[in-house]
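# A closer look at the structure
One letter stands for each residue in the lines below.
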Amino acid sequence: MCSWFQVGSARRVTAQGSPRQHRVSAAAAAAAEMDSTSLEPSLYTVKAVFILDNDGNRLLSKYYDPELYPTMKEQKNFENNVFSKTHKADNEIAFLEGMTIVYKSSIDLFFYVVGSAQENELMLMSVLNCLFDSINHILRKNVERRCLLDNMEGIFLVVDEIIDGGVILESDSQQVLQKVNYRLMSEPAYGFVLFDYITGNLEAQTDRSQLL
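Structural notes, computed from the coordinates. Every value quoted in this text rests on a predicted model; they were computed, and no experiment measured them.

### Regarding the overall build of the protein
Regarding its fold elements, the protein presents 9 helices and 7 strands. Pairs at least 24 apart in sequence give 56% of the contacts found in the protein among residues at least 6 apart. As displayed, the protein offers around 10900 Å² of accessible surface, 51% of which is attributable to carbon and sulfur atoms.

Written out as structure tokens, the structure reads:
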């Protein structure tokens, strides 16, 4: 069974205020100060994140720069172009339409992180690795389409803990998992289920699943 907590409650947690919002403001202010001397100022270290299946179909996507592909049609055209260029390639980095794109695949999934042409590739790769490692842990190394779809609420929480508004909040997968668990602990039954999966406490997981 792929699911690690019942879908439906986690989305409510994201609407609550948290110290993370203050971290975002501070990070954005710092980014604005650093970018003030650059040729192309931007708060958006990460322009977009998306996950496609092995047919190029979108499973998840988040665009952080409102000026980058503002319509759904433009976004999907970009994703199709990226997929066409990368799905048979052996590289981990691609350059397309003025964007730097880092990516990796697993079974029937492709993970992409997009930055500007001037963006540090190692920084983007650290985001990609954190995203992949966090999802890999949550899905118990079953990083494939079916398990991903079974756990989409959790995957969105992971993305939100790594990136907010294009600003990188975290690049350590263990920290991301702990923060996701903390957010879910406001609804104990769901939070404990995720914690048991993270720690491998299968006995407790079975007992607590009866609370759902």
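### Remarks on the nonpolar core
Core analysis: the largest hydrophobic core is formed by 34 residues, its most contacted members being Phe 111 and Leu 148. Every element with two or more residues in this core is listed here: strand S1 (48-53), strand S2 (58-63), strand S5 (109-116), helix H4 (121-138), helix H5 (145-150), helix H6 (152-162) and helix H7 (173-184). Sort the elements by how many residues they give to this core and H4 lands first, with 9 residues. The residues contacting Phe 111, other than those within four sequence positions of it, are Phe 50, Ile 51, Val 102, Tyr 103, Lys 104, Ser 106, Leu 128, Leu 131, Phe 132, Ile 135 and Val 143. Phe 50, Leu 52, Ala 94 and Leu 96 belong to the second-largest nonpolar core, a separate cluster that totals 17 residues.

### Some words on the pairing of strand S4 (residues 99-106)
Counting buried positions over the 8 residues of S4 gives 6, a clear majority of the element. Relative to S4, strand S3 (residues 93-96) runs antiparallel, the two being bridged by 4 bridges. Across the sheet, the residue bridging to Leu 96 is Met 99, located in S4. Where S3 folds back onto S4 in an antiparallel hairpin, the turn is made up of 2 residues, including Glu 97, whose phi is positive at roughly 55°. Examined bridge by bridge, S4 and S5 share 8 bridges and lie antiparallel to one another. Residue pairing across strands places Lys 104 opposite Phe 111, the latter belonging to S5. Between S4 and the antiparallel strand that follows it, S5, lie 2 residues; Ile 107 among them carries a positive phi value of about 55°.

### A few points about the sheet that holds S2
The strand order across the open sheet built from 5 strands is S2-S1-S5-S4-S3, with neighbouring strands paired in antiparallel fashion. Sheet topology places S2 and S3 at the edges, where each strand pairs with a single neighbour. Shown here is a sheet whose adjacent strand axes are inclined to one another by a mean of 20°, direction ignored. Docked against the sheet, helix H3 (residues 72-86) engages S1, S2, S3, S4 and S5, running at close to 115° with respect to S2. Most of the contacts of H4 go to S4, to which it runs at about 30°, and overall it touches S1, S3, S4 and S5.

### With respect to H6
By the criterion of burial, H6 is predominantly enclosed, with 10 of the 11 residues buried. Turning to H6, its buried residues number three or more, namely Met 152, Glu 153, Gly 154, Ile 155, Leu 157, Val 158, Val 159, Asp 160, Glu 161 and Ile 162.

### Considerations on the pattern of salt bridges
On inspection of all chains with the given rule, the structure shows 6 salt bridges. Asp 53 is paired through a salt bridge with Arg 145; the nearest N and O atoms lie 3.3 Å apart. Remark: Arg 145 occurs in helix H5 and Asp 53 occurs in strand S1; sequence separation between them is 92 residues. Among the residues examined, Asp 53 registers a relative accessible area of 3% and is labelled buried. Across the salt bridge formed by Lys 62 and Asp 160, the nearest N and O atoms sit 2.6 Å from each other. Of the two residues, Lys 62 is situated in strand S2 and Asp 160 in helix H6; the sequence distance between them amounts to 98 residues.

### So, the pairing of S2
Two faces make up the sheet, and in a regular strand the side chains alternate between them. In terms of strand pairing, S1 meets S2 through 5 bridges, oriented antiparallel. By the bridge assignment for S2, Leu 52 is matched with Arg 58. Between S1 and the antiparallel strand that follows it, S2, lie 4 residues; Gly 56 among them carries a positive phi value of about 85°.

### Examining the environment of Leu 60
Among the secondary structure elements, Leu 60 is positioned in strand S2. Taking the C-alpha atoms as reference, Leu 60 lies 8.4 Å from Met 152; in sequence the two are 92 residues apart. Ignoring any residue separated from it by four or fewer positions in sequence, one finds Leu 60 in contact with Val 49, Phe 50, Ile 51, Met 152, Ile 155, Phe 156 and Val 159.

Parameters and conventions
Residues numbered from 1 in each chain as written. Predicted model: local features only at pLDDT ≥ 70, side-chain atom pairs only at ≥ 80, totals over all residues. Heavy atoms only, no water. Helix = DSSP H or I, 4+ residues; strand = E, 2+ residues; numbered from the N terminus. Contact = heavy atoms within 4.5 Å. Areas by Shrake-Rupley, 256 points an atom, 1.4 Å probe, with all protein chains shown as cover. Core = buried A, V, L, I, M, F, W, Y, C linked by side-chain atoms within 4.5 Å. Buried < 20%, exposed > 50% of the residue type's maximum accessible area, 1.4 Å probe, protein only. Pairing = 2+ DSSP bridges. Axes fitted to C-alpha atoms, helices over the stretch in contact; angles between N-to-C directions. Salt bridge = Lys/Arg side-chain N within 4 Å of Asp/Glu carboxyl O.

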